[in-house]
Amino acid sequence: MTNTTQVLAAFIAEVKPTQTLWALQDKESEDWVVLDSLNYEQTEVMPLWSNAELAAQHCTEEWQDYVPAAISLSDWLEYWIDDLVADNVVIGINWLGEEDDLEIDLSEFTQALVEIETL
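Residues numbered from 1 in each chain as written. Predicted model: local features only at pLDDT ≥ 70, side-chain atom pairs only at ≥ 80, totals over all residues. Heavy atoms only, no water.

Enquirer: Can you break down helix α4 (residues 106-116) residue by residue, with the values?
Expert: For an α-helix, the turn length of 3.6 residues means that residues three or four places apart are oriented alike. Burial in α4 covers these residues: Leu106, Phe109, Thr110, Ala112, Leu113 and Ile116. Viewed along the axis of α4, the buried residues span an arc of 160°, placing them on a single side of the element. Every exposed residue of α4 that faces more than 90 degrees away from the buried side is listed here: Ser107 and Glu115. Of the surrounding secondary structure, the elements contacted by the buried residues of α4 are α1 (3-18), β1 (20-26), β3 (44-48), α3 (73-86), β5 (89-93) and β6 (103-104). (Buried < 20%, exposed > 50% of the residue type's maximum accessible area, 1.4 Å probe, protein only. Helix = DSSP H or I, 4+ residues; strand = E, 2+ residues; numbered from the N terminus. Arc of directions from axis to C-beta. Contact = heavy atoms within 4.5 Å.)

Set out below in structure tokens:
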């Protein structure tokens, strides 16, 4: 297994029972954390975490006004995908704040989520 496959598999395994993704949302404006990708030119990345605790670790410094916000898997698949595709956004999975944090193509990430969604 490649590192990407291992990280994605671990992420999916943790998301499957809760059917919830976690992102950082500004307390006041309700904007979401999206930033320039380190790996892809002309691309933004939206970091997502598999639990609130991991997400909360990043609510410091420039993200101190943000809080972990839950996104249900069904909402993600129904409402988020089209806008993210249009904006050319990739997904950062369970970022730890390191230079080699994983960024994954939205289509690969979405396919993995579709396989675990419970209806």
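Enquirer: An account of the sheet that holds strand β2 (residues 35-36) is needed here, citing residue identities and associated values.
Expert: Reading across the sheet, the four strands line up as β2-β3-β5-β6 and stay open at both edges, with mixed pairing between neighbours. At either margin of the open sheet sits one strand with a lone partner, and together these are β2 and β6. Pairing of β5 with β6, which is carried by two bridges, proceeds in the antiparallel orientation. Residue pairing for β6: Gly92 is matched across the bridge by Glu103. Along the sheet, α1 makes contact with β3, β5 and β6, crossing β5 at roughly 75°. Packing against the sheet, α3 makes contact with β3 and β5, and its axis sits at approximately 160° to β3. (Pairing = 2+ DSSP bridges. Axes fitted to C-alpha atoms, helices over the stretch in contact; angles between N-to-C directions.)

Enquirer: Go over the packing of aromatic side chains, please, and point to the residues and values.
Expert: All chains considered together, the criterion is met by four aromatic pairs. Here the aromatic rings of Phe11 and Phe109 are separated by 5.6 Å at their centres, their planes lie at 55°, and the arrangement is tilted. Here Phe109 lies in helix α4 and Phe11 lies in helix α1, a separation of 98 residues in the sequence. With respect to burial, Phe11 and Phe109 carry one shared label: buried. Relative to Trp80, the ring of Trp32 lies with its centre 5.0 Å away and its plane at 80°, an arrangement referred to as edge-to-face. Taken together, the positions of Trp32 in the loop between β1 and β2 and Trp80 in helix α3 put the pair 48 residues apart, joining distant regions of the chain. Taking relative accessible area as the criterion, Trp80 reaches 18% and is therefore assigned buried. Clustering of aromatic rings is evident, with ring pairs tying together Phe11, Trp32, Trp76, Trp80 and Phe109. (Phe/Tyr/Trp six-rings, centres within 6.5 Å; stacked < 30°, edge-to-face > 60°.)

Enquirer: Quick one: what's the story with the packing of α3 against α4, residue by residue and with numbers?
Expert: The interhelical angle for the contact between α3 and α4, taken along N-to-C directions, is 165°, at an axis separation of 11 Å. In terms of orientation, α3 lies roughly antiparallel with respect to α4. Our pair here, α3 against α4, has a crossing hand that is left-handed. For the pair α3 and α4, contact is made by Leu73, Trp76, Leu77, Ile81, Leu84 and Val85 and by Leu106, Phe109, Thr110, Leu113, Val114 and Ile116, respectively. When grouped by side-chain class, the residues that make up the contact of α3 with α4 number 11 nonpolar, one polar and no charged. (Parallel < 35°, antiparallel > 145°, perpendicular 65-115°, else oblique. Left-handed = near helix turned anticlockwise from the far one by under 90°. Nonpolar A, V, L, I, M, F, W, Y, C, P; charged D, E, K, R; others polar.)

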